[in-house]
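Tertiary structure, described
Letter by letter, the chains look like this.
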Amino acid sequence: MAYNHNVPENCRLFILVGKGIKEDAFREAFGKYGKIEDVWVVKDRRSNEDKGVVYITFSKASEAALAMQEMNGRVVPGHPKPIKVLIANSKRDGSVRDPHEDEKILRLFLIIPKSMSEDELRREFEQYGDIDYATILRDKNNGESKGFGYVKFFRPYHAALALENCDRSFKPKFAEPKMPRGDRDNDYEMDYQYSRETRPPGPFFRGPDRGPDRGPDRGPDRHERGTKRGFSEYSGRDDYHDDGPPRSRFSHGPVVGEGPMEMIQNYANSGCQRLHVTAPLGLTQQYLTRLFSLIPGLEYCDLNEATGIAYARYTTPQCAAYAKDKLDGFEYPLGSRLIVRFADVPNVPDLKTASAMNFENYGIPGSSLERDECDTIRKAALILEKAGINPDRVLASDNSVERVTYCNILLPLPKPLSPEDSSLAQRLFIVCQPAAVPERILRDAFCRFGDLIDVYLLSGRNYGYAKYASKECAMKAISVLHGQSIAGQRLKVLEAEPPKDENRREGRDRHDSHSE
DNA sequence: CGACGGGACGC
DNA sequence: CGACGGGACGC
């Protein structure tokens, strides 16, 4: 399936280059940010000359957004001019520029439990990055939640991370822009011009981790401000890079002959030595500590394996900033990314620099690290893995099962989900006793038997359903999971009774024909 | 005992 | 500096 219309949204980059495009150089430069699905160098139909445009499709929106953030304005080897990198419009939208196009990559539409407040919503999502606003739609008359709302980030990368990693019960989607296409509004038009030309201080220039200290301009108008400010700014590398100057080498462009020490020293003092880490389920204390100790100056790294939340502390703020920059978004295991944030509200920066440290002591082979620390750390992780320093997901000689921290028994390895529109073969009824289990854990457990379409608990309840596209997989899930303990809760897994109020048609051979 | 989910932004 | 190919549904 090399060609697939069902690629996730916002996975494709639109890159402006000059002529003489070398595809391999682009694969090389962009490949480190994720899995590249397609590279297309656009050529003129007749002359076969480059049109100066490259499209790169990644497997995930977060990879594309990270690549944009890191590569925009950079020079690709063999190409004289700095490139411009944007998230591509969908093919359907063509080259139309929407005055609200930033909302397509910064704002999520979410299904939200009716009991959840906007503050809770914000707290839930700020683990993925700085939030512009979090709104819940309410009934005009009684103020009750309508069960959905929006969260807008300042950076496409953070929005994509939230989309991919938040609890699936939020059913996250990139929000459609508020106004219909072509419905011009003069205020927005003016703001658009203004923000592009002069770029006043605004949300984009706030530090990422200022906590509640967001300045005096935070108030009831923040929704409005957030909507207007800085839109269409996402393409500038300054706009979406996390930290103020001095920057990492990523935002400086290629740095030659600058060693890791200098690089760490050049990091802005965030005033924060402690990092908050969201780790994928199943990652172990030992593995995480090894990973974070690859960055010099680690004091400790404490992981709560039940929640996947860890705190790591470094000897200097610069080291912490460096670790955050290098490990945030680090993908391990495949498909899961670490999320690394400053744990504390940074103080006013001072100019202390990192004390002398030596990468050579950290056992990274070929640890010159001058070209690409991310890549080196990846390699180091692979080496650790080969050396058996591994999350203990994989246990025993039997490669078909593994130990996961949330469950009392060994489980089969995770398997991909079936598409949401798969036809339902078997439904299971699930009870968690005495209390509910987070859906991400249920999902991780129930997907392991294959062909899982969806698993969810009814909101505010400790029971729910799992839907499978194959009966065998569903029955296997019952046989393995029923009676076991997951995240400290006893699990009941039964075949579900048919839905209560369903107009039943007993027609045997009437299978769902997909529409459209 | 424990039985059936939610969906687009006041102008 | 600003926008769309090749491939192709089904044994």
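Whatever comes next refers back to the structure up there.
Below or above, wherever it landed, is the structure these notes cover. (Residues numbered from 1 in each chain as written. Chains lettered and ligands numbered in written order. Predicted model: local features only at pLDDT ≥ 70, side-chain atom pairs only at ≥ 80, totals over all residues. Heavy atoms only, no water.)

Comments concerning the sheet that holds strand β7 (residues 145-153)
What counts here: Think of it this way: DSSP has to see at least two bridges between two strands before they count as a pair. In this text, helices come from DSSP runs of H or I with a minimum length of four residues, and strands from runs of E with a minimum of two, each type numbered from the N-terminal end.
One open sheet holds the four strands; their spatial order is β6-β7-β5-β8, and the pairing between them is antiparallel. Strand pairing shows two members of the sheet lacking a second neighbour, β6 (131-138) and β8 (173-174), which therefore form its edges. When strand β5 (residues 107-111) meets β7, the two strands line up antiparallel, connected through five bridges. For leucine 110, the partnering residue across the bridge sits in β7 and is glycine 149.

Examining the sheet that holds strand β10 (residues 298-304)
Keep this limit in mind: Here an angle of 0 to 180 degrees is reported between the N-to-C directions of two axes, which are lines fitted to C-alpha atoms, with helices fitted over the stretch in contact. When checking whether two residues touch, look at their non-hydrogen atoms; a contact exists if any pair is within 4.5 Å.
Taking strand neighbours across the sheet as the criterion, the four strands line up as β10-β11-β9-β12 in an open arrangement whose pairing is antiparallel. In this open sheet, the two edge strands, each paired with only one partner strand, are β10 and β12 (339-342). On average, adjacent strands in this sheet sit at an angle of 20° to one another, irrespective of strand direction. Bridge count between strand β9 (residues 274-278) and strand β11 (residues 309-314): five bridges; the pairing is antiparallel. In the sheet register, histidine 276 faces β11, and the bridge partner there is tyrosine 311. In this fold helix α11 (residues 285-292) packs onto β9, β10, β11 and β12, with an angle of close to 150° to the strand it touches most, β10.

Focus on the environment of leucine 283
Stated formally: A simple rule labels every residue: compare its accessible area, found with a 1.4 Å probe on the protein chains alone, to the largest value its type can have, and call it buried under 20%, exposed over 50%, or partly exposed in between.
Here leucine 283 shows up in the loop between β9 and α11. Residue classification places leucine 283 among the buried positions, given a relative accessible area of 2%. Taking the C-alpha atoms as reference points, leucine 283 and leucine 303, separated by 20 residues in sequence, lie 8.9 Å from one another.

A short note on the protein's contact with DNA strand B
So the rule is basically this: By convention in these notes, a residue is near a molecule or strand provided one of its non-hydrogen atoms lies within 4 Å of it. We define a polar contact as two N or O atoms separated by no more than 3.5 Å, with the added condition that, inside protein, one atom must be a possible hydrogen donor and the other a possible acceptor, whereas residues neighbouring each other in sequence contribute only through side-chain atom pairs. Polar here means any residue other than Ala, Val, Leu, Ile, Met, Phe, Trp, Tyr, Cys and Pro, which are nonpolar, and Asp, Glu, Lys and Arg, which are charged; Gly is therefore polar.
The immediate surroundings of DNA strand B are formed by 31 residues, with Lys140, Lys173, Glu176, Arg427 and Tyr456 found nearest. A distance of 3.2 Å is found between a base oxygen of DNA strand B and a side-chain nitrogen or oxygen belonging to lysine 171. In this structure, a base nitrogen belonging to DNA strand B sits 2.3 Å away from a side-chain N or O atom of lysine 173. When residues of the surface near DNA strand B are traced back to their parent elements, those giving at least two are β5, β7, β15 (426-433), β16 (452-457), β17 (463-468) and β19 (489-495). At four residues, the largest contribution of residues to the surface near DNA strand B is made by β15. By residue class, the composition of the surface near DNA strand B is 17 nonpolar, two polar and twelve charged.

What about the nonpolar core?
Let me state the cut-off plainly: We define the nonpolar core as a collection of buried residues of types Ala, Val, Leu, Ile, Met, Phe, Trp, Tyr and Cys that are connected through side-chain atoms lying within 4.5 Å of one another.
If you look at the biggest cluster of nonpolar residues, it comprises 51 residues, and the most contacted ones within it are Leu13, Ile15, Phe26, Phe30, Leu121 and Phe125. Tallying contributions element by element places helix α2 (residues 61-71) first for this core, with seven residues. The contacts of leucine 13, once residues within four sequence positions are left out, are Phe30, Val54, Tyr55, Ile56, Phe58, Ala64, Ala67, Met68, Val85, Leu86, Ile87 and Ala88. One finds Cys301, Ala310, Cys319 and Ala320 within the second-largest nonpolar core, a separate group that totals 29 residues.

Comments concerning unusual backbone geometry
Cis geometry marks the peptide bond from glutamine 433 to proline 434, where omega comes out at 5°. Structurally, the position occupied by proline 434 is in the loop between β15 and α14 (439-446). One non-glycine residue with positive phi stands out, namely asparagine 10, at about 55°. Tracing the chain through its elements places asparagine 10 in the segment before β1 (12-16). In this structure, alanine 487 takes a positive phi of about 50° despite not being glycine. Looking at the secondary structure, you find alanine 487 in the loop between β18 (485-486) and β19.

Overview of the packing of α2 against helix α5 (residues 156-165)
Put simply, the rule reads: Should an angle fall under 35 degrees it is taken as roughly parallel, and over 145 as roughly antiparallel, whereas 65 to 115 is taken as roughly perpendicular and any remaining angle as oblique. Each crossing gets its handedness from the near helix: less than a right angle anticlockwise from the far helix is left-handed, clockwise is right-handed.
In contact at an axis separation of 8 Å, α2 and α5 are set at 165° when each is read in the N-to-C sense. With respect to their mutual orientation, α2 and α5 come out roughly antiparallel. Here α2 and α5 pass one another in a crossing that is left-handed. Between α2 and α5, the contacting residues are Ala61, Ser62, Ala65, Leu66, Met68 and Gln69 on the first element and Pro156, Tyr157, Ala160, Leu161 and Glu164 on the second. Residue classes in the contact of α2 with α5 are distributed as eight nonpolar, two polar and one charged.

Observations regarding helix α1 (residues 23-31)
To be explicit about the condition: Read the arc as the range of directions from the helix axis to the C-beta atoms.
Buried within α1 we find Ala25, Phe26, Ala29 and Phe30. The buried side chains of α1 occupy one side of the element, clustering within an arc of 110° when seen end-on. Exposed positions of α1 whose direction lies more than 90 degrees from the buried face are Asp24 and Glu28.

Thoughts on the pattern of salt bridges
Let me state the cut-off plainly: The term salt bridge refers to a pairing of a side-chain nitrogen on Lys or Arg with a carboxyl oxygen on Asp or Glu at a separation within 4 Å.
As enumerated under the stated definition, the model contains 16 salt bridges in all. The partner of lysine 43 in a salt bridge is aspartate 50, with the nearest N and O atoms 2.9 Å apart. With a relative accessible area of 39%, lysine 43 lands in the partly exposed category. Overall, the relative accessible area of 9% leaves aspartate 50 in the buried class. For aspartate 93, the salt bridge goes to arginine 92, with nearest N and O atoms at 3.2 Å. When salt bridges that share partners are traced, they join Lys171, Glu420, Arg443 and Asp454 into one network.

Don't take any of this as a statement about function, it's just geometry.
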